[in-house]
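Close look at the chain arrangement
Here are the chains, one letter per residue:
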Amino acid sequence: MSIPSHSRAAQVAYQDLLRLHLDEVASELIGSVEERVRNGRHYLYDKFRIGTEMKSRYLGEGTPELRARLDRAAILKADAEGRRDTMARLARVLRAERYIATDRDTGSLLLAFARAGVFRLGGTLVGTAAFALYQGELGVRFDSEDLAQTGDIDFASFERLSVALGDTVEESPGDILKSLKFDPVPGLQDRQVWKWRQTRGQAMVEFLTPAFGDERVKPLPALGVSAQGLNYLNYLIAEPIPAIAIYRSGVLVQIPRPERFAIHKLIVADRRRGGPDQAKARKDLGQAGFLIRVLAEDRPDDLRAAYLDSRACGPRWRARIEASLARLPEAARVLEGLCR
(Lines give C-alpha, C1' and ligand atoms only; values in the text may rest on other atoms or scores of the structure.)
Protein backbone atom coordinates (compact mmCIF):
# COMPACT_ATOMS: atom_id res chain seq x y z
CA MET A 1 0.00 0.00 0.00
CA SER A 2 1.39 3.38 -1.03
CA ILE A 3 1.88 6.15 1.52
CA PRO A 4 0.04 9.37 0.52
CA SER A 5 2.13 12.45 -0.05
CA HIS A 6 1.38 16.10 0.56
CA SER A 7 0.84 18.20 -2.54
CA ARG A 8 3.80 19.72 -4.32
CA ALA A 9 2.60 23.18 -3.27
CA ALA A 10 2.53 22.11 0.39
CA GLN A 11 6.03 20.63 0.21
CA VAL A 12 7.37 23.84 -1.32
CA ALA A 13 5.61 25.90 1.37
CA TYR A 14 7.26 23.80 4.08
CA GLN A 15 10.74 24.20 2.58
CA ASP A 16 10.18 27.96 2.20
CA LEU A 17 9.08 28.22 5.84
CA LEU A 18 12.15 26.28 6.97
CA ARG A 19 14.43 28.52 4.90
CA LEU A 20 12.88 31.68 6.34
CA HIS A 21 13.30 30.44 9.91
CA LEU A 22 16.98 29.73 9.24
CA ASP A 23 17.27 33.23 7.76
CA GLU A 24 15.61 34.63 10.88
CA VAL A 25 18.24 33.02 13.11
CA ALA A 26 21.10 34.42 11.00
CA SER A 27 19.52 37.90 11.06
CA GLU A 28 20.00 38.00 14.85
CA LEU A 29 23.78 38.41 14.46
CA ILE A 30 24.87 41.23 16.79
CA GLY A 31 28.62 41.61 16.29
CA SER A 32 31.24 39.87 14.17
CA VAL A 33 31.61 36.19 13.35
CA GLU A 34 34.35 34.36 15.24
CA GLU A 35 35.52 30.89 14.20
CA ARG A 36 36.91 28.31 16.62
CA VAL A 37 38.35 24.90 15.73
CA ARG A 38 38.07 21.92 18.09
CA ASN A 39 39.05 18.38 17.16
CA GLY A 40 39.04 19.30 13.51
CA ARG A 41 35.51 20.74 13.56
CA HIS A 42 34.74 24.41 12.91
CA TYR A 43 32.32 26.29 15.18
CA LEU A 44 31.01 29.82 14.59
CA TYR A 45 30.27 32.40 17.31
CA ASP A 46 28.71 35.85 17.43
CA LYS A 47 31.34 38.01 19.17
CA PHE A 48 30.05 41.32 20.53
CA ARG A 49 30.65 43.88 23.28
CA ILE A 50 28.35 44.73 26.17
CA GLY A 51 29.81 47.72 27.98
CA THR A 52 33.45 46.89 28.59
CA GLU A 53 32.95 43.13 28.38
CA MET A 54 33.24 40.95 25.28
CA LYS A 55 30.64 38.21 24.85
CA SER A 56 30.45 35.18 22.57
CA ARG A 57 27.25 33.44 21.50
CA TYR A 58 27.40 30.08 19.72
CA LEU A 59 25.81 30.15 16.27
CA GLY A 60 26.39 26.66 14.89
CA GLU A 61 28.84 24.45 13.07
CA GLY A 62 30.63 26.24 10.24
CA THR A 63 28.73 24.79 7.29
CA PRO A 64 28.72 26.58 3.92
CA GLU A 65 24.98 27.21 4.35
CA LEU A 66 25.39 28.96 7.72
CA ARG A 67 28.37 30.97 6.49
CA ALA A 68 26.37 32.18 3.48
CA ARG A 69 23.47 33.23 5.69
CA LEU A 70 25.73 35.10 8.10
CA ASP A 71 27.32 36.95 5.17
CA ARG A 72 23.82 38.26 4.43
CA ALA A 73 22.91 39.04 8.04
CA ALA A 74 22.46 42.77 7.51
CA ILE A 75 20.16 42.22 4.53
CA LEU A 76 18.19 39.60 6.44
CA LYS A 77 17.81 41.92 9.44
CA ALA A 78 16.40 44.70 7.24
CA ASP A 79 13.78 42.32 5.82
CA ALA A 80 12.58 41.07 9.22
CA GLU A 81 9.01 42.43 9.08
CA GLY A 82 8.27 41.10 5.60
CA ARG A 83 9.85 37.74 6.43
CA ARG A 84 7.71 37.29 9.55
CA ASP A 85 4.54 38.11 7.63
CA THR A 86 5.49 35.48 5.05
CA MET A 87 6.24 32.93 7.77
CA ALA A 88 2.77 33.42 9.26
CA ARG A 89 1.19 33.04 5.81
CA LEU A 90 3.13 29.85 5.05
CA ALA A 91 2.13 28.34 8.39
CA ARG A 92 -1.53 29.00 7.46
CA VAL A 93 -0.96 27.35 4.09
CA LEU A 94 0.45 24.24 5.74
CA ARG A 95 -2.51 23.95 8.11
CA ALA A 96 -4.87 24.31 5.15
CA GLU A 97 -2.92 21.56 3.38
CA ARG A 98 -3.57 19.24 6.36
CA TYR A 99 -0.12 19.31 7.88
CA ILE A 100 -0.72 18.16 11.45
CA ALA A 101 0.01 21.00 13.87
CA THR A 102 1.80 20.49 17.17
CA ASP A 103 -0.56 20.60 20.15
CA ARG A 104 -0.56 23.72 22.31
CA ASP A 105 1.32 22.25 25.28
CA THR A 106 4.10 20.75 23.17
CA GLY A 107 4.26 23.80 20.91
CA SER A 108 4.63 26.25 23.79
CA LEU A 109 7.37 24.05 25.28
CA LEU A 110 9.29 23.82 21.99
CA LEU A 111 8.97 27.57 21.43
CA ALA A 112 10.29 28.37 24.91
CA PHE A 113 13.20 25.94 24.46
CA ALA A 114 14.00 27.39 21.03
CA ARG A 115 14.05 30.95 22.41
CA ALA A 116 16.32 29.85 25.26
CA GLY A 117 18.80 28.34 22.79
CA VAL A 118 18.31 24.63 23.52
CA PHE A 119 18.41 23.63 19.83
CA ARG A 120 21.08 26.18 18.93
CA LEU A 121 23.32 24.62 21.58
CA GLY A 122 23.02 21.07 20.35
CA GLY A 123 19.71 19.87 21.75
CA THR A 124 17.91 17.44 19.45
CA LEU A 125 14.24 16.52 19.70
CA VAL A 126 13.88 12.72 19.58
CA GLY A 127 11.07 10.17 20.02
CA THR A 128 7.50 10.43 18.70
CA ALA A 129 7.55 14.23 18.85
CA ALA A 130 10.43 14.17 16.35
CA PHE A 131 8.80 11.43 14.23
CA ALA A 132 5.76 13.70 13.74
CA LEU A 133 7.95 16.32 12.08
CA TYR A 134 8.99 13.99 9.25
CA GLN A 135 5.71 14.95 7.59
CA GLY A 136 7.55 18.11 6.53
CA GLU A 137 11.00 16.68 5.85
CA LEU A 138 9.62 13.78 3.77
CA GLY A 139 6.42 15.39 2.49
CA VAL A 140 4.21 12.46 3.58
CA ARG A 141 0.82 12.39 5.27
CA PHE A 142 0.40 10.82 8.69
CA ASP A 143 -2.83 9.58 10.22
CA SER A 144 -3.80 9.73 13.88
CA GLU A 145 -2.50 6.23 14.60
CA ASP A 146 0.95 7.12 13.26
CA LEU A 147 1.21 10.06 15.66
CA ALA A 148 -0.38 8.59 18.79
CA GLN A 149 1.67 10.06 21.62
CA THR A 150 3.37 8.02 24.31
CA GLY A 151 3.25 11.03 26.65
CA ASP A 152 7.02 11.60 26.46
CA ILE A 153 8.85 14.55 24.93
CA ASP A 154 12.52 13.65 24.72
CA PHE A 155 15.59 15.80 24.07
CA ALA A 156 19.12 14.52 23.51
CA SER A 157 22.58 16.02 23.18
CA PHE A 158 26.21 14.92 23.18
CA GLU A 159 28.00 15.48 26.49
CA ARG A 160 31.28 16.26 24.71
CA LEU A 161 29.64 18.91 22.52
CA SER A 162 27.86 20.47 25.48
CA VAL A 163 31.17 20.85 27.33
CA ALA A 164 33.11 22.07 24.27
CA LEU A 165 30.79 24.86 23.13
CA GLY A 166 31.59 27.25 25.98
CA ASP A 167 28.10 28.78 25.88
CA THR A 168 24.90 28.23 27.86
CA VAL A 169 21.16 28.58 27.39
CA GLU A 170 19.61 31.97 28.10
CA GLU A 171 17.07 30.38 30.45
CA SER A 172 17.35 27.05 32.21
CA PRO A 173 15.08 24.32 30.80
CA GLY A 174 14.26 23.42 34.40
CA ASP A 175 12.93 26.94 35.03
CA ILE A 176 10.96 26.83 31.76
CA LEU A 177 9.42 23.49 32.70
CA LYS A 178 8.45 24.71 36.16
CA SER A 179 6.71 27.73 34.58
CA LEU A 180 4.79 25.31 32.33
CA LYS A 181 3.65 23.28 35.36
CA PHE A 182 6.12 20.40 35.17
CA ASP A 183 7.55 18.97 38.39
CA PRO A 184 11.09 17.53 38.62
CA VAL A 185 11.36 13.76 39.11
CA PRO A 186 14.61 13.02 41.00
CA GLY A 187 16.40 9.74 40.31
CA LEU A 188 15.86 6.99 42.85
CA GLN A 189 19.55 6.46 43.59
CA ASP A 190 21.48 9.71 43.17
CA ARG A 191 18.50 12.15 43.20
CA GLN A 192 19.75 13.83 40.02
CA VAL A 193 16.98 15.35 37.89
CA TRP A 194 16.84 14.47 34.21
CA LYS A 195 13.07 14.24 33.72
CA TRP A 196 10.00 16.29 34.58
CA ARG A 197 6.33 15.23 34.86
CA GLN A 198 3.41 17.47 33.95
CA THR A 199 1.32 18.23 37.04
CA ARG A 200 -2.03 18.42 35.20
CA GLY A 201 -1.47 15.64 32.66
CA GLN A 202 0.57 12.59 31.75
CA ALA A 203 3.32 14.25 29.70
CA MET A 204 6.92 13.53 30.67
CA VAL A 205 9.95 15.52 29.47
CA GLU A 206 13.27 13.68 29.52
CA PHE A 207 16.86 14.65 28.70
CA LEU A 208 19.13 11.98 27.24
CA THR A 209 22.75 11.69 26.19
CA PRO A 210 24.78 8.96 24.48
CA ALA A 211 26.42 6.34 26.68
CA PHE A 212 29.18 3.97 25.71
CA GLY A 213 28.62 1.13 28.13
CA ASP A 214 27.87 2.94 31.40
CA GLU A 215 24.30 4.27 31.28
CA ARG A 216 24.65 6.79 34.08
CA VAL A 217 23.30 10.32 34.46
CA LYS A 218 25.67 12.97 33.06
CA PRO A 219 25.69 16.79 33.02
CA LEU A 220 25.03 18.80 29.85
CA PRO A 221 26.58 22.17 30.76
CA ALA A 222 25.45 24.06 27.65
CA LEU A 223 21.82 23.14 28.30
CA GLY A 224 22.00 23.51 32.07
CA VAL A 225 20.51 20.06 32.73
CA SER A 226 21.48 16.52 33.60
CA ALA A 227 20.73 13.70 31.15
CA GLN A 228 20.29 9.95 31.29
CA GLY A 229 22.98 8.10 29.36
CA LEU A 230 21.71 5.59 26.80
CA ASN A 231 23.66 3.21 24.61
CA TYR A 232 23.09 3.42 20.83
CA LEU A 233 21.91 7.05 21.11
CA ASN A 234 25.11 8.40 19.53
CA TYR A 235 24.07 6.82 16.24
CA LEU A 236 20.65 8.50 16.35
CA ILE A 237 21.68 12.10 16.97
CA ALA A 238 24.78 12.28 14.75
CA GLU A 239 24.33 14.83 11.95
CA PRO A 240 20.87 16.15 12.98
CA ILE A 241 18.77 18.30 10.64
CA PRO A 242 16.60 21.40 11.16
CA ALA A 243 12.83 21.03 11.08
CA ILE A 244 9.71 23.11 11.67
CA ALA A 245 7.03 22.28 14.23
CA ILE A 246 3.72 23.79 13.06
CA TYR A 247 2.84 25.98 16.02
CA ARG A 248 1.99 29.68 15.56
CA SER A 249 4.30 30.77 12.70
CA GLY A 250 6.43 27.67 13.15
CA VAL A 251 9.14 26.70 15.63
CA LEU A 252 12.64 25.89 14.39
CA VAL A 253 13.94 22.74 16.10
CA GLN A 254 16.51 20.03 15.44
CA ILE A 255 15.65 16.36 14.81
CA PRO A 256 17.56 13.20 13.81
CA ARG A 257 18.03 12.27 10.16
CA PRO A 258 15.05 10.08 9.18
CA GLU A 259 17.17 7.13 8.02
CA ARG A 260 19.02 7.07 11.34
CA PHE A 261 15.74 7.37 13.22
CA ALA A 262 14.37 4.33 11.37
CA ILE A 263 17.36 2.09 12.10
CA HIS A 264 17.63 3.28 15.70
CA LYS A 265 13.98 2.37 16.27
CA LEU A 266 14.80 -1.21 15.24
CA ILE A 267 17.48 -1.30 17.95
CA VAL A 268 15.30 0.32 20.63
CA ALA A 269 12.35 -1.97 19.88
CA ASP A 270 14.47 -5.02 20.62
CA ARG A 271 15.81 -3.51 23.85
CA ARG A 272 12.24 -2.93 25.04
CA ARG A 273 10.83 -6.29 23.96
CA GLY A 274 9.38 -8.29 26.82
CA GLY A 275 9.86 -5.48 29.34
CA PRO A 276 7.56 -2.87 30.91
CA ASP A 277 7.77 -0.76 27.72
CA GLN A 278 6.34 -3.46 25.45
CA ALA A 279 3.70 -1.04 24.08
CA LYS A 280 6.45 1.42 23.18
CA ALA A 281 8.33 -1.39 21.44
CA ARG A 282 5.34 -1.97 19.13
CA LYS A 283 5.24 1.74 18.37
CA ASP A 284 8.99 1.71 17.66
CA LEU A 285 8.51 -1.08 15.11
CA GLY A 286 5.61 0.75 13.49
CA GLN A 287 7.61 3.95 13.10
CA ALA A 288 10.64 2.08 11.76
CA GLY A 289 8.54 0.18 9.23
CA PHE A 290 6.79 3.35 8.07
CA LEU A 291 10.03 5.27 7.52
CA ILE A 292 11.76 2.34 5.81
CA ARG A 293 8.89 2.16 3.30
CA VAL A 294 9.08 5.89 2.56
CA LEU A 295 12.86 6.12 2.43
CA ALA A 296 13.24 3.03 0.24
CA GLU A 297 11.14 4.84 -2.35
CA ASP A 298 12.42 8.41 -2.00
CA ARG A 299 15.92 8.18 -0.45
CA PRO A 300 17.19 4.62 -0.96
CA ASP A 301 20.87 5.57 -0.91
CA ASP A 302 20.53 7.33 2.46
CA LEU A 303 18.65 4.36 3.92
CA ARG A 304 21.16 1.85 2.59
CA ALA A 305 24.11 3.82 4.01
CA ALA A 306 22.47 4.14 7.43
CA TYR A 307 21.67 0.43 7.54
CA LEU A 308 25.19 -0.61 6.57
CA ASP A 309 26.76 1.87 9.01
CA SER A 310 24.70 0.48 11.89
CA ARG A 311 25.59 -3.12 11.07
CA ALA A 312 29.25 -2.17 11.00
CA CYS A 313 29.03 -1.06 14.65
CA GLY A 314 29.40 -4.63 15.91
CA PRO A 315 27.67 -7.95 16.57
CA ARG A 316 25.47 -6.61 19.37
CA TRP A 317 24.06 -3.96 17.05
CA ARG A 318 23.46 -6.49 14.29
CA ALA A 319 21.72 -8.90 16.66
CA ARG A 320 19.25 -6.26 17.84
CA ILE A 321 18.52 -5.04 14.31
CA GLU A 322 18.01 -8.58 13.00
CA ALA A 323 15.72 -9.46 15.91
CA SER A 324 13.44 -6.53 15.08
CA LEU A 325 13.54 -7.18 11.33
CA ALA A 326 12.38 -10.73 12.04
CA ARG A 327 9.17 -9.08 13.27
CA LEU A 328 9.04 -6.76 10.21
CA PRO A 329 9.46 -9.10 7.24
CA GLU A 330 8.48 -6.47 4.68
CA ALA A 331 11.08 -4.02 6.00
CA ALA A 332 13.67 -6.84 6.07
CA ARG A 333 13.01 -7.60 2.40
CA VAL A 334 13.34 -3.91 1.52
CA LEU A 335 16.68 -3.54 3.27
CA GLU A 336 18.03 -6.77 1.84
CA GLY A 337 17.04 -5.60 -1.63
CA LEU A 338 18.88 -2.30 -1.18
CA CYS A 339 22.09 -4.13 -0.24
CA ARG A 340 22.23 -6.50 -3.20
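Definitions and cut-offs
Residues numbered from 1 in each chain as written. Predicted model: local features only at pLDDT ≥ 70, side-chain atom pairs only at ≥ 80, totals over all residues. Heavy atoms only, no water. Helix = DSSP H or I, 4+ residues; strand = E, 2+ residues; numbered from the N terminus. Rg over C-alpha atoms; globule rule 2.2 N^0.38 Å. Buried < 20%, exposed > 50% of the residue type's maximum accessible area, 1.4 Å probe, protein only. Contact = heavy atoms within 4.5 Å. Areas by Shrake-Rupley, 256 points an atom, 1.4 Å probe, with all protein chains shown as cover. pLDDT = per-residue confidence, 0-100. Pairing = 2+ DSSP bridges. Phe/Tyr/Trp six-rings, centres within 6.5 Å; stacked < 30°, edge-to-face > 60°. Polar contact = N/O pair within 3.5 Å; in protein donor to acceptor, adjacent residues only side chain to side chain. Core = buried A, V, L, I, M, F, W, Y, C linked by side-chain atoms within 4.5 Å.

1. Structural notes on the overall build of the protein
Broken down by element type, the protein carries 15 helices and twelve strands. The globule rule puts the C-alpha radius of gyration for 340 residues at 20 Å, and the 20 Å found for the protein is close to it. Split into buried and exposed, the 340 residues of the protein put 50% on the buried side. In the protein, once contacts between residues fewer than 6 apart in sequence are set aside, the share between residues at least 24 apart is 65%. A total accessible area of about 16,400 Å² is found for the protein, and carbon and sulfur atoms account for 48% of it.

2. Some remarks on the confidence of the model for the protein
Detailed reading of the predicted model is not advised wherever pLDDT is low. Averaged over all residues, the pLDDT of the protein is 91; the fraction at 70 or higher stands at 94%. Taken element by element, the predicted model of the protein shows its lowest mean pLDDT in helix α8 (residues 159-164) (83) and its highest in strand β12 (residues 251-255) (98).

3. Points about the pairing of strand β1 (residues 32-38)
Two elements, β1 and strand β2 (residues 41-50), share seven bridges in a ladder whose sense is antiparallel. Paired with V37 across the strands is H42, a residue of β2. Count of turn residues in the β1/β2 antiparallel hairpin: two residues, of which N39 carries a positive phi of about 50 degrees.

4. Things to note about the packing of aromatic side chains
What the rule picks out here adds up to 16 aromatic pairs. Summarising the aromatic geometry, the rings of Y134 and F261 are spaced 5.4 Å apart at their centres and angled 75 degrees between planes, so their arrangement reads as edge-to-face. Taken together, the positions of Y134 in helix α7 (residues 134-137) and F261 in helix α11 (residues 258-272) put the pair 127 residues apart, joining distant regions of the chain. Look at Y134 and you get buried, because its relative accessible area is 0%.

5. Considerations on the pairing of strand β5 (residues 152-156)
Burial within β5 is extensive, with five of its five residues counted as buried. Bridge count for strand β4 (residues 124-126) against β5 is three bridges, and the pairing is antiparallel. When the bridges of β5 are listed, V126 appears paired with D154. One ladder, built from five bridges, connects β5 with strand β8 (residues 204-211); its direction is parallel.

6. Points about the environment of G314
The topology assignment puts G314 in the loop between α13 (300-311) and α14 (315-325). We classify G314 as buried; its relative accessible area is 11%. Residues G314 and R69 lie 245 residues apart in sequence; the distance between their C-alpha atoms is 40 Å.

7. Digging into the environment of R311
With respect to the helices and strands, the residue R311 is situated in helix α13. Residue classification places R311 among the partly exposed positions, given a relative accessible area of 22%. Along the chain, R311 and I321 lie ten residues apart, while their C-alpha atoms are 8.0 Å from each other. Ignoring anything within four residues of it in the chain, the contact list for R311 reads R318 and E322. Of the polar contacts made by the side chain of R311, one reaches the side chain of E322; its length is 3.0 Å.

8. With respect to the nonpolar core
Ranked by size, the top nonpolar core spans 91 residues in total, and within it F113, L125, F155, F207, I255 and L291 carry the most contacts. The element contributing the most residues to this core is helix α12 (residues 278-298), with seven residues. The residues contacting L291, other than those within four sequence positions of it, are F131, Y134, L138, P258, F261 and A262.

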